[in-house]
Amino acid sequence: MYPSVFGIHRSRRSLFELHWEGSWSVKMLSRPKPGESEVDLLRFQSQFLAAGAAPAVQLVKKGSRRSGDANLDQPPQQDHRDVVMLDNLPPALVPAPQKRARPSPGCPLLEHEDPEERLNRHDQHITAVLTKIIERDTSSVSVNLPVPSGVAFPPVFHRSQERPGNTATSGKRSIFAQEIAARRPCEARVPPIREVVSALDPPEGAVTQKALMPKEQGSQLPRSSHSFQGPRLVTGKGLRGREAEQEAQTIREENIARLQALAPEEILQEQQRLLARLDPSLVAFLTSSSRTHKQAGEKATEEQRPQGPSVKVTGKEPVVPTSPSEPRQEDEVEPGTPAVALPVTPNREWLHMDTVELEKLHWTQDLPPLRRQQTQERMQARFSLQGELLAPDVDLPTHLGLHHHGEEAERAGYSLQELFHLTRSQVSQQRVLALHVLAQVISRAQAGEFGDRLAGSVLRLLLDAGFLFLLRFSLDDKVDGVIAAAVQALRALLVAPGDEEVLDSSFSWYHGALVFPLMPSPEDREDKDEEPPGEKAKRKSPEEGDRPPSDLAQHDVIKGLLATSLLPRLRYVLEVTCPGPSAVLDILAVLVRVARHSLESATRVLECPRLLDTVVREFLPTSWSPTGLGPTHSLHKVPCATAMKLLRVLASAGRNIAARLLSSFDLRSRLCRFIAEAPQELALPPEEAEALSTEAFRLWAVAASYGQGGDLYRELYPVLVCALQAAPRELSAHPPRPLSVQRIASVLTLLTHLTLAAGSTAPEPGSDSAKASLSATPPLITWTQVSGLQPLVEPCLRQTLKSLPQPETWSALGPVPTACLLFLDAYYQAWSQQPSSCPGDWLQDMERLSRDLLLPLLSQPTLGSLWDSLGRCSPLCNPQSCAPVPEAVPSLVSLGCTGGHHPFSLAGSASPFPFLTALLSLFNTLARIHKGLCDQLAAVLAAPGLQNYFLQCVAPVAPPQLTPFSAWALRHEHHLQYLALTLAQRAVGVPEPPIPLSTRTPIPFRLSGTCAASASHAVPMFLQTCPGSLPFSTYPLCLHPLPHFSLLCPLSLPLPPPTPPLLFCPQATFQPVPATSAALHHGMALALLSRLLPGSEHLAHELLLRASGGPEAADFSDQLSLGSGRDPGCGRGALLAQACQDLPSIRSCYLTHCCSLNRASLLASQALPRGQLQRVPALLLPVPKEPLLPTDWPFLPLVHLYHQASDTPSGLSPADTVGTAVRALQWVLLLESWRPQALWAVPPAARLARLMCVFLVDSELFRETPVQHLVAALLARLCQPEVLPNLNLDCPLPGLTSFSDLYANFLEHFEAVSFGDHLFGSLVLLPLQRRFSVTLRLALFGEHVGALRALGLPLPQLPVSLECYTGPPEDNLALLQLYFRALVTGALRPHWCPVLYAVAVAHVNSFIFSQDPKSSDEAKAVGRSMLQKTWLLADEGLRQHLLHYKLPNSALAEGFELYPQLPPLRQQFLQRLTSGMIQKGVVGKPSGQLGLCTITH
């Protein structure tokens, strides 16, 4: 029965004991039954308390073992019991009798014994044992040496043996106890070690032999009381009695006598033989053990006799052997080695210096002299404490702390391996120092300070050595200094300061807020088809699966760090440890770098528990204590610009993240707090206040780019107006302050996005209901609220344009004029979209701006210098400006801007790209809205610098290597090129909207390149095929109601719409452009289309709509004079004319087959340029792994047809297949004829492979007449003399694993479905030229010999010269045998395959009459055999061809000329070979089988 209530007295140690009191009552208390509830239990408690009886159990504090037992007489403190009081309950129950435990029989239970005392008495806990330990004084106790034994273990004693001694007293003792008892008397007789040592000490001044032989002295140092004169190895163990000692002594004497009889040379020879048989590692171990025993014996002897003189053996004294028979020992001390010279003589009285270990005191000596490098051998790199690379021969003083006691102690500095060793030191200061030095080394390496002085990459070496995880482990250290140093090193590793400066300075550029993620491209999976399904599931992506952080870090450093719980640890450091200002800034910089990595990383930063809460609460407070100008001791509770930048970078990752930041962290109030006050009024240092205000404006601008944050505009409108009014005054300061310039540019960028948001509130016409409802949502900002900003922005632009003639001031004000132009662009774009505004108002305002500001700007000579500098700053024209940095690591993406950029680069201070791109954007908007300004604004395209820049861009040069920085720079360069081409297209012809047909008048056209004689024929044909141009619409070209086509071409060759045949436009709306400029612009558009990167899908879409407009009339003569053949539609001129008429269909075909331009990515990229901010998903672009379109994009429809046919066994739709193939071939023919530079990146071999895909689609496509004509024309282009030498089938081709495999498939298809088609046969014969791989010819004559019968292409239709097949002579013996076999078996006949028949005859004839002395014996034997069989052939025609072949001649029916008679040399060679057969009586009668003959005697 358990008591119902316990009285619990709590103590500080929370230790309790139960003490039972009272006695058992006769009446038992009832136990709670299963049916009773909690109310019943409370009733029982109340009854017990009402009775007032003492409880059966009392809990008291346990007494301390040191202070004695607890006071048991103290009454229990029942006032502190937790008792539930209930009323109206029956009286308490009678206490139950005391329960006693049953005593054990051997231990009777006393009546009044204290349980605690009894427990203490029998307690065997370790604490009770340790408290009674008393250390004895052993200073006066003598130490006895153990009894030595000759074996490792004592002999085993058997019970059958009789042990001498007192056996009667053994009793029940064990054998082990008896053995120990027997040894004790022997040990008692052994003298102490001091007596042994003193007995061995010689008298003063005596020098014994042992003193002269240190090695033997060490080996004979007394370790026991046995005599050392007896045998050491042979002890006679196992023999009984005295026989053992006598036998061992006899063996020893025999060995000594035998050794004495040997000469020293024989002893050395036997010693070397013995050492050669032993394991070298065993010999080394025994030698080291012998040295250790010797040194220990010497030290023990010196310690025990301090008064006696010691005999010091130096290296100059020889080591004398003990007897003439023993060899001389010279392995211990080398002669000529000086004694160790220490700067301080050790004293035994010093602490821990009683035993002097000289080898451990070498570090106290002077440094050895610095070794001068005499060779070009590489040496280990060493760095100073500031991370500087030290020269190998630099001699620095030791007080700098750069010398240590490791390898190469004479060299100053620390190697990376030594720094790694220091990071694992137990001394925290050493860990901090090592991490600090490594951080400095990384920073200097990324800055390019080491250059080519180091072999290899420092960053790559550190990452391979595990430096990343070393930093992660250091972050978990308990020492604040180590954590701060680890964070500093982590920032140096991940963050490139130059990258952040470039990205921040370009924020106000044209679409400068859109950036590429700083993450590696996805891993390639070329062998994924060969992996089993289970492995494919595991390797879907680097993030999937349970991959360890080390594997993730090999591909992506950021992902590897995130897998180690980096973010929670950084949150802990910020929130709990409260590090110093430098560590806080380092952590925030690391978080910014992680947020720039990808959308996934930014989301993880956002969702990390309490991370952003800590950042916003601690580093973006709305109220704080003012800080002075000096250094701040803590950044907590003080606003920090880097924290605001972190939020801005997070918001750039996606519109959902921006919305969550605005709603969850109360950023609206903080933006108001930091924007409402001027920077000089904030209680912060001036630079920090300017940076904080700038980042606040940028964060608001990012939110406004999504259409968010518009409600703040009404509250902060006075602040913005004041900032704009004060901007001209701040910009006029000399010199301009960079932080102030950045803040003004951020304000203008914010107003640009707010203006676009105000202009995108009206629903777009023609859009569906869902999109209309999305754009028709109640706006947060209206056009009326932003319409008055233009008069405030124009003074800023005028003020900055005054500095254009001053390069230094202009460079300092760089982002401000760019931001002003972009604001005006957005302002007029939004104004023209307002349905309530009057068109006359904004047209007049545009004219005013153009007259007062823009046209005077075009007349300034300084603007021409900006156009001239485009080529120097262009990544395309100057690839060295964006070359990869030497420390670039694929797993850690960086722009490589740490070392800075040359001023004349796209990111440099003198770059003209930002301003000119913004200027062209404004010009395009004005020309689109006000068509009357197009002529005046298009004058900017006539700048010589722009023309030269375009010429350099279309030149056939290799593009720069795609690196993170080159991708960023090329994207901004593509914007300028696209805007210039768009303005040029508007300048070509800007017709008014279509007018009634009755009022239209035809436009007079000008024919270029047409002679007067053919003018009468050219004009009617021109008017029928190329009547006009297409009007431009303000709507997207993809949504145009008519399938018309806008082209980059001059009026001399406009292109037709499908209907009506003639397009008439008002004559006054066109401005002719020279044909050379139009050709240049069209070529520039084609080049740009193949270079666009992911994120520019809208540019590719627009260029496909425009750039596929075809060529101009400079080559119109092809349509008039190149038609050849009986069918006038077969000539290249007719094909080109038909292709020009089918350009709208060609455009539709390419828009359909550009699969990379999917609908979602296209709409996302179009949202911001069109001002549709509600549809902007993120400001983070896709990863730029490769260009948007492949280099062979004109052949893309043909490749798609080939893949679709391979994946669809049932076949494709004939109509769709033929139409797609024809349109693609037409476009390729247009480019081959008029824009060959557009295909220079596609090698001729790749073009041939793409043409072969047409024949592999199905069995009927190549039979279509349009396909035949177009392929024949393209094949003729490939076989031109200037193109054919570049046809190389042996090099790797893009998109093709092996041309040999493609050709084998091509042969199979030809053999199955060709039916002797000549065009098909031409493509089969083209790769069989002699200069190509012999594998292709072996595939035909060895595996597909049946295809020879279908290769009936006549010799005159061969696209290349026959000499390309016959020369030089074939040297492959297997192919020659196949040639001869095909000829003699009749598989190759002149009327079946005339081309290859002539080729085979030529090579066989050259081989059988070859008399080259360098030929192998096998080749000579095969040649003689072939000649004999040829002479005996029954086919006289083949025999005549093989013997009398002379030269190839495609004009003849056979394809070659014959000798009337064999030349004398060949005749003599044939006679010598056949004379033996005649002398032997062998007369050949042809049998016609395999070239054999019937032999008769």
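The structure displayed is predicted, hence computed values, not measured ones.

**Regarding the overall build of the chain**
- Assigned secondary structure in the chain consists of 61 helices and eight strands.
- Taken across its 1497 residues, the chain has 44% of its residues classed as buried.
- Partitioning the contacts of the chain with sequence separation of at least 6, the portion at a separation of at least 24 is 76%.
- Element-wise, carbon and sulfur atoms account for 55% of the exposed surface of the chain, whose accessible area totals about 77,500 Å².

**Focus on the side chain of Arg 1337**
- Inspection of the secondary structure puts Arg 1337 in helix α55 (residues 1334-1343).
- Arg 1337 gets classed as buried once you look at its relative accessible area, which sits at 3%.
- Within the structure, the side chain of Arg 1337 is placed 2.8 Å from the backbone oxygen of Gln 1329, a separation counted as a polar contact.
- Reaching out from Arg 1337, the side chain makes a polar contact with the backbone oxygen of Phe 1332 at a distance of 3.3 Å.
- The contacts of Arg 1337, once residues within four sequence positions are left out, are Leu 1328, Gln 1329, Arg 1330, Phe 1332, Glu 1370, Leu 1375 and Tyr 1379.

**Let's talk about the environment of Cys 953**
- Considering the arrangement of structural elements, one finds Cys 953 in helix α40 (residues 944-954).
- Separated by 76 residues in sequence, Cys 953 and Cys 877 have C-alpha atoms that sit 6.5 Å apart.
- Setting aside residues up to four positions removed in sequence, Cys 953 forms contacts with Leu 876, Cys 877, Gln 977, Met 1084 and Arg 1091.

**Quick look at the packing of helix α41 (residues 964-988) against helix α44 (residues 1097-1106)**
- Contact geometry of α41 with α44 gives a least axis separation of 12 Å together with a crossing angle of 30°. The crossing of α41 and α44 is left-handed. In this structure, α41 uses His 975, Tyr 978, Thr 982 and Gln 985 to contact α44, whose residues at the interface are Leu 1099, Glu 1102, Leu 1103 and Arg 1106.

**A word on unusual backbone geometry**
- In the segment running from His 734 into Pro 735, the intervening peptide bond is cis, with an omega of -10°.
- Tracing the backbone through its elements, the reader meets Pro 735 in the loop between α28 (711-731) and α29 (738-759).
- Cis peptide bonds are those with omega within 30 degrees of zero, and the linkage from Gly 1367 to Pro 1368 qualifies with -5°.
- For Cys 578, which is not glycine, the phi torsion reads 50° and is therefore positive.

**Topic: a negative patch on the surface**
- A surface patch of negative charge is lined by Glu 243, Glu 247, Glu 253 and Glu 254.
- Structurally, Glu 243 is set in helix α8 (residues 242-261).

**Remarks on a nonpolar patch on the surface**
- A cluster of nonpolar side chains, contributed by Leu 274, Leu 275, Leu 278, Leu 282, Phe 285 and Leu 286, occupies part of the molecular surface with about 540 Å² of accessible area.
- Within the residue set of the nonpolar patch, elements represented by two or more residues are α9 (264-277) and α10 (280-304).
- Sort the elements by how many residues they give to the nonpolar patch and α10 lands first, with three residues.
- Along the polypeptide, Leu 286 turns up in helix α10.

**Quick look at empty space enclosed by the protein**
- Enumeration over the complete set of coordinates arrives at 14 cavities of 30 Å³ or more.
- When its volume is computed, the largest cavity comes out at roughly 130 Å³.
- Among the elements that make up the lining of the largest cavity, the one with the highest residue count is helix α24 (residues 641-652) (three residues).
- Across the lining of the largest cavity, the residue classes tally to eight nonpolar, two polar and two charged.

**Observations concerning the pattern of salt bridges**
- Applying the stated rule across the entire model yields 40 salt bridges.
- We note a salt bridge from Arg 1247 to Glu 1232, for which the minimum N-O separation is 3.1 Å. Separated by 15 residues along the polypeptide, Arg 1247 in helix α51 (residues 1244-1256) and Glu 1232 in helix α50 (residues 1214-1234) bring together distant segments of the chain.
- For Arg 1247, a relative accessible area of 10% corresponds to the buried category.
- On the basis of relative accessibility, which here comes to 8%, the residue Glu 1232 falls in the buried class.
- Taken together, the salt bridges that share partners define one network made up of Glu 500, Asp 504, Arg 596, Lys 645, Arg 648, Glu 695 and Arg 698.

**Let's talk about helix α21 (residues 581-595)**
- Between its first and last C-alpha, α21 extends 21 Å over 15 residues, near the 21 Å set by a 1.5 Å rise per residue.
- Counting buried residues in α21 gives 12 out of 15 residues, a clear majority hidden from the surface.
- For α21, the full list of buried residues reads Ala 583, Val 584, Asp 586, Ile 587, Leu 588, Ala 589, Val 590, Leu 591, Val 592, Arg 593, Val 594 and Ala 595.

**As for the environment of His 1344**
- With respect to the secondary-structure elements, His 1344 resides in the loop between α55 and α56 (1363-1366).
- Sequence spacing of His 1344 and Phe 1310 is 34 residues, and the spatial spacing of their C-alpha atoms is 9.8 Å.
- One polar contact links His 1344 to Glu 1311, side chain to side chain, over a distance of 3.2 Å.

**Focus on the packing of aromatic side chains**
- Counted by the stated rule, this structure contains 28 aromatic pairs.
- Centroid distance Tyr 1150 to Trp 1193: 5.9 Å. Interplanar angle 80°. Geometry classified as edge-to-face. Taken as a pair, Tyr 1150 in helix α47 (residues 1143-1153) and Trp 1193 in the loop between α48 (1159-1167) and α49 (1196-1207) lie far apart in primary sequence, 43 residues in all. When sorted by exposure, Tyr 1150 lands in the same class as Trp 1193, which is buried.
- Following the ring pairs from residue to residue traces out a cluster consisting of Trp 783, Phe 823, Tyr 827, Tyr 828 and Trp 831.
- Positioned over the ring face of Phe 507 is Arg 648, at 5.3 Å from the centre of the ring.

**Considerations on the side chain of Ser 911**
- Structurally, Ser 911 can be placed in the loop between α37 (870-873) and α38 (913-929).
- A polar side-chain atom of Ser 911 sits 3.0 Å from the main-chain carbonyl oxygen of Leu 906.

**Some details on the packing of α21 against α24**
- Interaxial distance between α21 and α24 falls to 9 Å at its minimum, and their mutual angle equals 10°. One element, α21, and the other, α24, form an angle in the roughly parallel class. Along its contact with α21, which presents Leu 585, Leu 588, Ala 589, Leu 591, Val 592 and Ala 595, the element α24 presents Thr 642, Ala 643, Lys 645, Leu 646, Val 649 and Leu 650.
- Here the contact of α21 with α24 is composed, by residue class, of 10 nonpolar, one polar and one charged.

Reading the values: the criteria
- Residues numbered from 1 in each chain as written.
- Predicted model: local features only at pLDDT ≥ 70, side-chain atom pairs only at ≥ 80, totals over all residues.
- Heavy atoms only, no water.
- Helix = DSSP H or I, 4+ residues; strand = E, 2+ residues; numbered from the N terminus.
- Buried < 20%, exposed > 50% of the residue type's maximum accessible area, 1.4 Å probe, protein only.
- Contact = heavy atoms within 4.5 Å.
- Areas by Shrake-Rupley, 256 points an atom, 1.4 Å probe, with all protein chains shown as cover.
- Polar contact = N/O pair within 3.5 Å; in protein donor to acceptor, adjacent residues only side chain to side chain.
- Axes fitted to C-alpha atoms, helices over the stretch in contact; angles between N-to-C directions.
- Left-handed = near helix turned anticlockwise from the far one by under 90°.
- Patch = residues over 30% accessible without salt bridge, like charges linked within 9 Å, V, L, I, M, F, W, Y side chains within 5 Å.
- Salt bridge = Lys/Arg side-chain N within 4 Å of Asp/Glu carboxyl O.
- Lys, Arg positive; Asp, Glu negative; His and termini not counted.
- Charge placed at Lys NZ, Arg CZ, Asp CG, Glu CD.
- 1 Å grid on protein atoms, 1.4 Å probe; cavity = no way out; pocket = protein on both sides within 12 Å on 5 of 7 lines; lining within 4 Å.
- Points joined across faces, edges and corners; volume = space filled by probe spheres on them.
- Nonpolar A, V, L, I, M, F, W, Y, C, P; charged D, E, K, R; others polar.
- Expected span 1.5 Å × (residues − 1).
- Phe/Tyr/Trp six-rings, centres within 6.5 Å; stacked < 30°, edge-to-face > 60°.
- Lys NZ or Arg CZ within 6 Å of the ring centre and 35° of its normal.
- Parallel < 35°, antiparallel > 145°, perpendicular 65-115°, else oblique.

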